[in-house]
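Take a look at the letters that make up each chain.
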Amino acid sequence: MIKQSLICLTLLIFSSSLLADAGFKKIEVIDDDGIIHTFDQPVKRIVSLMPHATELLFEVGAGDRVVGAVKYSDYPEAAKEIPRVGGYSALNIEAIVALKPDLLIAWPEGNRNRELDRLKALGLPILVSDPREFNDIANALTVYGKVTGKVPEAEKAVAAFNKKLNYLRTTYSIEENSAQEQISVFYQVWNSPLMTQNGNTFISRAIEVCGGVNIFADLPMTNPQVSIESILVQDPQVIVASGMGQARPEWLDDWRQYKTLQAVQKNQLYHILPELFQRPTSRFLTGTQQLCEAMQEARDNAR
């Protein structure tokens, strides 16, 4: 027995030495809450609690690791086949636990704190993703690549993302084009109640990249309610909305009754698909480009 134990110990030490020589090390990432997560090996079973994480995981080649996802996780097409574990209104805790995930990816803006606290209490590791800047989207790709062992794929995706972002900045931003006329923009999240976003959001960053200013950037709340009167006072040159589905929201055109608005006079009421403009993914740059083109049209109309 002693001899067998010595042999096992020798093999363990030898194996550890080989791993060290091969440069093996634990995977360590920091989430958007500043929490350090450490993994002994790439995670195999992920439950994604927001559509943008599902989409980014597929982009880095780890779509097959997603064993559960929330409602609206619909891109790419294969994501539609993933078992659902609830949505923004409520998560199915039992279904999540039954999937035996190695990792949950959560979004504090969309997931209820009490549900996340319950999942933590059950011992499930939760990585928080809360992109507010373009760099945060690129960082999410990097983090997802690391935790799934898809680093080369993630690096390729980040390079493509940064290349397109750089094109948009050099083409439209005020910083890169000092002679560019700044355009005032009202982004309408919803009509009843009338809601917008402040400057601490990725949508506001898109407005800036396109050479514009969010008329409600200085408000303290991320998704504040505003009044029609305040918008009439601000008199934006462009009004943009996404709505909830593929169709242009009817309430976007309700602004046409306010004929003093510049955006109405110049017919500058624009719709951008929510999947391209409300999700912090690489496709958000497609929505950003559509916004930039709309704002350029507003500049041309002002001349």
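Look above for the structure.
Thresholds, definitions, all that
Residues numbered from 1 in each chain as written. Predicted model: local features only at pLDDT ≥ 70, side-chain atom pairs only at ≥ 80, totals over all residues. Heavy atoms only, no water. Helix = DSSP H or I, 4+ residues; strand = E, 2+ residues; numbered from the N terminus. Buried < 20%, exposed > 50% of the residue type's maximum accessible area, 1.4 Å probe, protein only. Contact = heavy atoms within 4.5 Å. Areas by Shrake-Rupley, 256 points an atom, 1.4 Å probe, with all protein chains shown as cover. Lys, Arg positive; Asp, Glu negative; His and termini not counted. Charge placed at Lys NZ, Arg CZ, Asp CG, Glu CD. Pairing = 2+ DSSP bridges. Axes fitted to C-alpha atoms, helices over the stretch in contact; angles between N-to-C directions. Core = buried A, V, L, I, M, F, W, Y, C linked by side-chain atoms within 4.5 Å. Expected span 1.5 Å × (residues − 1). Right-handed = clockwise from strand over helix to strand, strands pointing away. Phe/Tyr/Trp six-rings, centres within 6.5 Å; stacked < 30°, edge-to-face > 60°. Lys NZ or Arg CZ within 6 Å of the ring centre and 35° of its normal. Disulfide = S-S within 2.5 Å. Polar contact = N/O pair within 3.5 Å; in protein donor to acceptor, adjacent residues only side chain to side chain.

Here we come to the overall build of the protein. Secondary structure summary: the protein contains 11 helices and 12 strands in total. Along the first, second and third principal axes, the C-alpha atoms of the protein reach 90 × 40 × 35 Å. For the protein, with 303 residues in total, the buried portion stands at 47%. For the protein, the proportion of contacts with a sequence separation of at least 24, taken over those separated by at least 6, is 60%. In the structure as shown, the protein presents an accessible area of about 15400 Å², 53% of it carried by carbon and sulfur atoms. When the 30 positive and 36 negative side-chain charges of the protein are each reduced to one mean point, those points stand 5 Å apart.

Spatial strand order, β4-β3-β5-β6: four strands in an open sheet with parallel pairing. Two strands bound the open sheet, and with one partner strand each, they are β4 (66-69) and β6 (126-128). Along the sheet, successive strands turn relative to each other by an average axial angle of 25°, direction set aside.

Ranked by size, the top nonpolar core spans 56 residues in total, and within it I105, F134, Y144, V240, F277, F284 and L291 carry the most contacts. Of all the elements, helix α5 (residues 134-148) adds the most residues to this core, at eight residues. Non-local contacts of F284, meaning those with residues more than four positions away in its chain, are made with F134, I137, F202, I203, A206, L276, F277 and R279.

An ideal rise of 1.5 Å per residue puts 21 Å on 15 residues; α5 measures up with 22 Å between its terminal C-alpha atoms. Burial in α5 covers these residues: F134, I137, A138, A140, L141, V143, Y144, G145, V147 and T148. Residue G149 follows α5 closely and has a positive phi angle near 75°.

The next point concerns the pairing of β4. When strand β3 (residues 46-48) meets β4, the two strands line up parallel, connected through three bridges. Bridging from a neighbouring strand, S48 pairs with A69 of β4. For the segment spanning β3, helix α2 (residues 51-59) and β4, crossover handedness is right-handed.

Attention now moves to the packing of aromatic side chains. Counted under the stated rule, the structure contains eight aromatic pairs. Relative to W255, the ring of F186 has its centre 5.9 Å away and its plane inclined at 80°; by these criteria the two rings are edge-to-face. Here W255 lies in the loop between β11 (238-241) and α9 (262-265) and F186 lies in strand β7 (residues 183-188), a separation of 69 residues in the sequence. Three or more aromatic residues link up through ring pairs in this structure, and these residues are F134, Y187, F202, F277 and F284. Sitting over the face of the ring of Y75, R283 holds its NZ or CZ atom 3.6 Å from the ring centroid.

This part is about the sheet that holds strand β10 (residues 212-214). Taken in spatial order, the four strands line up as β10-β7-β11-β12 in an open sheet, and their pairing is parallel. On the outer flanks of this sheet lie β10 and β12 (269-271), each paired with one strand and no other. With strand direction ignored, the average angle separating the axes of adjacent strands in the sheet is 30°. Packing against the sheet, helix α7 (residues 202-209) makes contact with β7 and β10, and its axis sits at approximately 150° to β10. Across the sheet, helix α11 (residues 284-302) is in contact with β7, β10, β11 and β12; its angle to β7 comes to roughly 135°.

Here the structure, examined in full by the defined rule, presents one disulfide. With a sulfur-sulfur separation of 2.0 Å, C210 is cross-linked through a disulfide to C292. Classification of the bridge connecting C210 and C292 rests on its S-S torsion, roughly -80°, and on that basis the disulfide is left-handed. Placement of C210 in the loop between α7 and β10 and of C292 in helix α11 is noted, with a sequence separation of 82 residues between them. Exposure class is identical for C210 and C292. Each is buried.

Here D130 is to be found in the loop between β6 and α5. In terms of polar contacts, D130 uses its side chain to reach the side chain of W107, at 3.4 Å. Engagement of the side chain of D130 in a polar contact is seen with the side chain of R132, the distance being 3.2 Å. What D130 contacts, discounting residues up to four positions off in sequence, is D32, W107, P108, E109 and D136.

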